[in-house]
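Coordinate inspection notes
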Amino acid sequence: MTRFSVVTITYNAQAVLQPTLQSVLKQSYEGVEHLIIDGASKDDTLRLAEAYKQQSDELGLGHKVIIQSEPDHGIYDAMNKGLTQASGDYIIYMNAGDSFPADDTLEQIARRCHLNELPSGELPAVLYGETDIIDQERRFLRHRRLQPPAEGLSWRSFREGMLVCHQAFYARTDIAKNLQYDTRYRYSADVDWCIRVMREAERMNLPLVPIGIVTALYLEEGQTTQNHRASLLERFRVMKSHYGLISTALQHAWFVIRAVLRK
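Further remarks concern helix α8 (residues 228–243). Taking 1.5 Å per residue as the helical rise, α8 with its 16 residues ought to reach 22 Å, and the 22 Å between its terminal C-alpha atoms agrees with that figure. Considered for burial, the residues of α8 that qualify are Ser-231, Glu-234, Val-238, Met-239, His-242 and Tyr-243. The buried residues of α8 occupy an angular sector of 155 degrees when the element is viewed end-on, so they sit on one face. Exposed residues lying more than 90 degrees from the buried face of α8 are Arg-229 and Leu-233. One or two steps after α8, the chain reaches Gly-244, where phi turns positive at roughly 90 degrees.

With that settled, the discussion passes to the packing of helix α6 (residues 189–203) against α8. Across the interface, α6 lies against α8 with an axial gap of 9 Å and an inter-helix angle of 20 degrees. Taken as axis vectors, α6 and α8 run roughly parallel relative to one another. Note that α6 runs across α8; the crossing there is right-handed. Contacts between α6 and α8 involve Ala-189, Val-191, Asp-192, Ile-195, Arg-196 and Arg-199 from the former and Glu-234, Arg-235, Val-238, Met-239, His-242 and Tyr-243 from the latter. Considered class by class, the residues forming the contact of α6 with α8 number six nonpolar, one polar and five charged.

The rules we used
- Residues numbered from 1 in each chain as written.
- Predicted model: local features only at pLDDT ≥ 70, side-chain atom pairs only at ≥ 80, totals over all residues.
- Heavy atoms only, no water.
- Helix = DSSP H or I, 4+ residues; strand = E, 2+ residues; numbered from the N terminus.
- Expected span 1.5 Å × (residues − 1).
- Buried < 20%, exposed > 50% of the residue type's maximum accessible area, 1.4 Å probe, protein only.
- Arc of directions from axis to C-beta.
- Axes fitted to C-alpha atoms, helices over the stretch in contact; angles between N-to-C directions.
- Parallel < 35°, antiparallel > 145°, perpendicular 65-115°, else oblique.
- Left-handed = near helix turned anticlockwise from the far one by under 90°.
- Contact = heavy atoms within 4.5 Å.
- Nonpolar A, V, L, I, M, F, W, Y, C, P; charged D, E, K, R; others polar.

Rendered as structure tokens:
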């Protein structure tokens, strides 16, 4: 059985956490490890997490819930803590406010993973899905503008932007553990991490497999959205480090032209 480590990062997240917890709780798939990495919240976040753990244990779903709460050095430091502890075959980050779109989402992903096992029995390096954007009331707003290709995703694809949302990017844990998030970045370490994971997949000659369905509901107005300008500048630095200055500058010039043409 393919096992999934779902990592949820929290800090004073009581207002948005419950839908995320219930989304994982309702997953019909048994091979789920849920790591809740909290940054020493001062609100009711931990109370909600503990109640959720108790409910999960009592229901006997086969899910394993682990809660850790201590001060950290930001969201990517917390993500590294979750990555270090993860024991599943794949790791997925489902942060407070985000959720799975259906109760059988992980079942569908596991099925696609099984179909794409290599003849040697080795698992694909990455599984990736699509993302829908929702509001605070959990209402559908729109499909994410950037969507992954049906086939042929590679680390070079992210020249066009982050085509796969972080919450829809399932990295093989043994590969990911050797590629910690770069905490020098405040907003875009997830972009850098996904690119590095895909580069390693290419080096190992392992496939990136599309799931072909929406695998994540993303709550609008996250930290990156709230710090849009700083995020864009940092993302330019990330892209430059992987694709070079000229290629990145030309691509960003096209982004500006495209935005103007759409108005």
